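What follows is each chain in one-letter form.
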Amino acid sequence: MTLTLEPILLSAGINPAEVQVIRHAHVREHEGSGLLGIHADSSDEEILRYTSQQSAKTRVFPVDPPSIWIVFVREGGDRARFWSIVENRGEIANDGVLRKFDLVVSARMADLKNRLVIGWRSPRAWRLNGLTAATYPVKEIADARPVAFPGFDQLVLDHSQLQAVMREHRYASWRTALSSVMGVYLITDTSDGRQYIGKADGAENICQRWKAYATNGHGGNVELRGLEPTNFRFSLLRVFDPTTPLREIDTAESHFKLALGTRKHGLNRN
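Trainee: Now, about the overall build of the protein chain: what can you tell me, with residues and values included?
Mentor: Assigned secondary structure in the protein chain consists of seven helices and twelve strands. Taking 2.2 N^0.38 as the reference for a compact globule, 270 residues should give roughly 18 Å; the C-alpha atoms of the protein chain span a radius of gyration of 24 Å, well beyond that estimate. Expressed along its principal axes, the backbone C-alpha trace of the protein chain runs to roughly 75 × 35 × 35 Å. Residues classed as buried in the protein chain amount to 44% of the 270 residues present. Sequence-distant contacts, at least 24 apart, represent 63% of the contacts inside the protein chain between residues at least 6 apart. Surface exposure of the protein chain reaches about 14,500 Å², of which carbon and sulfur atoms provide 48%. If you average the places of the 34 positive and of the 31 negative side-chain charges in the protein chain, the two averages end up 2 Å apart.

Written out as structure tokens, the structure is:
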């Protein structure tokens, strides 16, 4: 059975009947208006600007386009590689030659950006109704590009990001880095600002400790049970080499609990 675009859209909460799908080609000019087109090295900003400008003379583009546009870029033959989903917030200019729209890039399907390729069955069509495009076959979903580890001092993750780090191949280097250290970490409940300080020591490194939070939200901590993990934000306060004596890590944990007042005003009970 051939996988089509439809189940991917539905899984992202997108109704194919309520969108339009565009496939850009690499061209010198936009609809003969004299405006520059896009090329293989065009930036996201350039592609967004190009998408936001449509000919006022073509009958292909609807008078009242939908609020969601799914944008692909032609990739030779009948292939179209997914660029982004944009939200149309309305037409902002129309001089009879060119129409301009206020478009904002959506986070929906962002994990498939530059990875998803569909077969484009209508070689001469650059715009389709969503229901038509939904029947087009998926040709490829490439592996995600690796994401560079930002460094221990720059690491701030919400719970959904933590789950992705622990699960997805593109974060393999992050797991390697987090597996190489023990340390003291901070969990902030963003719903009320209360904080919890914990540690990973002994046989347990930061990656192993945080994997528990990614799995069940509370990591086995009584203080965090019953709280909503989607409100949690994770960061590192200090990291240690695995050979560090446990008493040194204990001392650092106690210092941060005192300094941040997490026993009296936060989520730590001891």
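Trainee: With reference to specific residues and values, describe the nonpolar core.
Mentor: W210 and Y213 are the most contacted members of the largest nonpolar core, which has 24 residues in total. Counting only elements with at least two residues in this core, the list comes to α4 (159–167), α5 (172–179), β10 (182–189), β11 (195–200), α6 (206–216) and β12 (232–240). Element by element, the count of residues in this core is highest for α6, at five residues. Residues contacting Y213, with those up to four places away along its chain left out, are H159, L162, Y185, I187, Y196, H218, G219, N221, L224 and F234. One finds I14, L116, I118 and L128 within the second-largest nonpolar core, a separate group that totals 21 residues.

Trainee: Would you mind going over the packing of α5 against α6 in detail, with residue names and values included?
Mentor: Viewed as axis vectors pointing N to C, α5 and α6 meet at an angle of 120°, and their least axial separation amounts to 6 Å. Of the residues in α6, those touching α5 at R175, L178 and S179 are I206, C207 and W210. For the contact of α5 with α6, the residue count by class is four nonpolar, one polar and one charged.

Trainee: Explain α6 to me, and be specific about the residues and the numbers.
Mentor: Considered for burial, the residues of α6 that qualify are I206, C207, R209, W210, Y213 and A214. All buried residues of α6 lie within an arc of 160° about the axis, which places them on one face of the element. Where α6 starts, the residue carrying a side-chain oxygen 3.1 Å from the main-chain nitrogen of C207 turns out to be N205. Backbone geometry just downstream of α6 places G217 in the positive-phi region, at approximately 90°.

Trainee: Which residues make up the pattern of salt bridges, and what are the values?
Mentor: Tallied over the entire structure, the rule returns 16 salt bridges. Where E168 meets R170, a salt bridge forms, and the shortest distance between an N and an O atom there is 2.6 Å. Taking relative accessible area as the criterion, R170 reaches 22% and is therefore assigned partly exposed. Residue E253 is joined to K199 by a salt bridge in which the shortest nitrogen-to-oxygen separation is 3.7 Å.

Analysis parameters
- Residues numbered from 1 in each chain as written.
- Predicted model: local features only at pLDDT ≥ 70, side-chain atom pairs only at ≥ 80, totals over all residues.
- Heavy atoms only, no water.
- Helix = DSSP H or I, 4+ residues; strand = E, 2+ residues; numbered from the N terminus.
- Rg over C-alpha atoms; globule rule 2.2 N^0.38 Å.
- Buried < 20%, exposed > 50% of the residue type's maximum accessible area, 1.4 Å probe, protein only.
- Contact = heavy atoms within 4.5 Å.
- Areas by Shrake-Rupley, 256 points an atom, 1.4 Å probe, with all protein chains shown as cover.
- Lys, Arg positive; Asp, Glu negative; His and termini not counted.
- Charge placed at Lys NZ, Arg CZ, Asp CG, Glu CD.
- Core = buried A, V, L, I, M, F, W, Y, C linked by side-chain atoms within 4.5 Å.
- Axes fitted to C-alpha atoms, helices over the stretch in contact; angles between N-to-C directions.
- Nonpolar A, V, L, I, M, F, W, Y, C, P; charged D, E, K, R; others polar.
- Arc of directions from axis to C-beta.
- Polar contact = N/O pair within 3.5 Å; in protein donor to acceptor, adjacent residues only side chain to side chain.
- Salt bridge = Lys/Arg side-chain N within 4 Å of Asp/Glu carboxyl O.

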